[in-house]
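Here is how the chains run, residue by residue.
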Amino acid sequence: MPPKADPFVQRRLLDVARLDQATSAAEHRRKSLPELALIAAGTARVDELRHAAVLAQTEIGDLDRAARKLDNEIDAVRARSKRDSDRLAAGTAPAKDLENMQHEIVSLARRQATLEDEALELMEAREQADALMATLNKDLTAARADLAAAEARRDAAFADIDDELRRATAERKALIDGMPADLTALYEQIRSRGRVAAAALNGSRCEACRMDLDRSALGEIWAAGVEDVVRCTECGAILIRS
Ligand SMILES: [Zn+2]
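These figures come from a predicted structure and were not determined experimentally.

### As for the overall build of the chain
- If you tally the helices and strands in the chain, you get five helices and four strands.
- The C-alpha radius of gyration computed for the chain amounts to 42 Å, which surpasses the reference 18 Å derived for 242 residues by more than 25%, pointing to a less compact arrangement than a globule.
- Residue burial in the chain is summarised as follows: out of 242 residues, 31% are buried.
- The contacts of the chain with a sequence gap of at least 6 include a subset with a gap of at least 24, amounting to 73%.

And the structure:
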């Protein structure tokens, strides 16, 4: 049997329907906040920069190790060259060794020049790596700040929406309280299909589906008792007569 309800109680369904639409809109807003896409992109950007910074740091470590190794080699070459020079200066070496030592001093000087060129190249590479690292750190700081700002905006928007949802839930509960169970069950059943479950009948038009009801449907509605719950023949919404 279709439910019956006091017309004033039936009218409250319009407020319930209004709250339900506002709730759906708020839930949709919560899911489609522009900040959510910004946060996803910002998180990816921070990850990417952090990865690049780790690589740059590894590169700096490698360059420093190579520079230390090169310094040691240069020191060894210098020491060997000095030892040869000292022996030459002392004039104590056997004559047959003198020519060899002179050759060796020349070749050590060449070797030292090559190593020093390499050291210079390493220094330049280190400067570039430092500059890259500085840029990455600057970009990372900016990206983290952007991300934090987007997260703060999201949290503020969520708090507002959640407030609105809580108020709507409380208001809805107050409206529904004391309504006949069969009326609310019918309302929920229509709403569970994703439809507007109650709307005003405005002349011949259903305000839920915006369709005009035909003459015979209207005749039946106007013939029904005030407590009878009537529905749109087009969309099934509970129609509230004014
Ligand atoms: Zn309708």
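### Section: the pattern of salt bridges
- With the rule as written, the count across this model stands at 26 salt bridges.
- In this structure, R126 engages D64 in a salt bridge whose closest nitrogen and oxygen atoms are separated by 2.6 Å. A residue pair is termed long-range when its members are at least 10 positions apart, and R126 in helix α3 (residues 95-176) and D64 in helix α2 (residues 34-90) qualify at 62 residues.
- A relative accessible area of 24% places R126 in the partly exposed class.
- Owing to a relative accessible area of 25%, D64 belongs among the partly exposed residues under this scheme.
- What emerges from the salt-bridge pattern is a single network uniting D20, R172, E188 and R191.

### Describing the coordination of the zinc ion
- Every protein donor of the zinc ion is accounted for by C206 (SG), C209 (SG), C232 (SG) and C235 (SG), and the metal-donor separations fall at 2.3 Å.
- One way to put it: the four donor atoms around the zinc ion meet at angles of 107 to 111 degrees, and that makes the site tetrahedral.
- Donor residues for the zinc ion sit on one chain with the sequence pattern C-x2-C-x22-C-x2-C.
- Given a relative accessible area of 0%, C206 falls into the buried group.

### Remarks on the sheet that holds strand β3 (residues 230-231)
- Strand order in this open sheet of four strands is β2-β1-β4-β3, and the pairing throughout is mixed. Two strands lie at the open edges of the sheet, namely β2 (205-206) and β3, each paired on one side alone.
- Pairing of strand β1 (residues 198-202) with strand β4 (residues 238-240), which is carried by three bridges, proceeds in the parallel orientation. Each bridged residue has a counterpart across the sheet, and for A198 the counterpart in β4 is I238.
- Contacting β1, β3 and β4, helix α4 (residues 181-191) crosses the sheet at an angle of about 115 degrees to β4.
- The strands touched by helix α5 (residues 215-223) within the sheet are β1, β3 and β4, with β1 carrying the most contacts at an inclination of about 105 degrees.

### So, the environment of A174
- Structurally, A174 can be placed in helix α3.
- C-alpha of A174 to C-alpha of M123: the two residues are 51 residues apart in sequence and 75 Å apart in space.

### Considerations on the nonpolar core
- Among the nonpolar cores identified, the biggest contains 21 residues, and V46, L49, L70, L115 and M133 are the most heavily contacted of them.
- Within the residue set of this core, elements represented by two or more residues are α2 and α3.
- The element that contributes the greatest number of residues to this core is α3, accounting for eleven residues.
- Other than its neighbours up to four places away in sequence, L70 contacts L115, E118, A119 and L122.
- Formed by 19 residues, the second largest nonpolar core is a distinct cluster that contains A17, L186, I190 and A198.

### Focus on the pairing of β1
- As paired strands, β1 and β2 are joined by two bridges and run antiparallel to one another. Within β2, the position partnered with N202 by the bridge is R205.
- In sequence, β1 turns back onto β2 through a hairpin of two residues, with G203 there showing a positive phi of about 65 degrees.

### What about α2?
- Over its 57 residues, α2 runs 83 Å from end to end, which matches the ideal 84 Å to within 8%, given 1.5 Å per residue.
- Backbone geometry just after α2 places G91 at a positive phi near 65 degrees.

### Section: the packing of α2 against α3
- Here α2 crosses α3 at 165 degrees, and the two axes come no closer than 6 Å. When the axes of α2 and α3 are compared, the pair comes out roughly antiparallel. Our pair here, α2 against α3, has a crossing hand that is left-handed.
- Of the residues contributing to the contact of α2 with α3, the split by class is 33 nonpolar, seven polar and 22 charged.

### Some thoughts on the side chain of R241
- Here R241 lies in the segment after β4.
- Lacking a salt bridge, the buried R241 has D228 as its closest oppositely charged neighbour, with an N-O distance of 6.2 Å.
- Here the side chain of R241 touches I221 through a polar contact of 3.4 Å, landing on its backbone oxygen.
- A polar contact is formed between the side chain of R241 and the backbone oxygen of V226, at a distance of 3.5 Å.
- In this view, R241 contacts Q10, R11, L201, I221, W222, A224, G225, V226, D228 and V230; residues no more than four positions away in its chain are not counted.

Cut-offs applied
- Residues numbered from 1 in each chain as written.
- Predicted model: local features only at pLDDT ≥ 70, side-chain atom pairs only at ≥ 80, totals over all residues.
- Heavy atoms only, no water.
- Helix = DSSP H or I, 4+ residues; strand = E, 2+ residues; numbered from the N terminus.
- Rg over C-alpha atoms; globule rule 2.2 N^0.38 Å.
- Buried < 20%, exposed > 50% of the residue type's maximum accessible area, 1.4 Å probe, protein only.
- Contact = heavy atoms within 4.5 Å.
- Salt bridge = Lys/Arg side-chain N within 4 Å of Asp/Glu carboxyl O.
- Donors = N, O, S within 2.8 Å, 3.2 Å for Na, K, Ca; no water.
- Tetrahedral: all angles 85-135°; square planar, octahedral: opposite > 155°, others 65-115°.
- Pairing = 2+ DSSP bridges.
- Axes fitted to C-alpha atoms, helices over the stretch in contact; angles between N-to-C directions.
- Core = buried A, V, L, I, M, F, W, Y, C linked by side-chain atoms within 4.5 Å.
- Expected span 1.5 Å × (residues − 1).
- Parallel < 35°, antiparallel > 145°, perpendicular 65-115°, else oblique.
- Left-handed = near helix turned anticlockwise from the far one by under 90°.
- Nonpolar A, V, L, I, M, F, W, Y, C, P; charged D, E, K, R; others polar.
- Lys, Arg positive; Asp, Glu negative; His and termini not counted.
- Polar contact = N/O pair within 3.5 Å; in protein donor to acceptor, adjacent residues only side chain to side chain.

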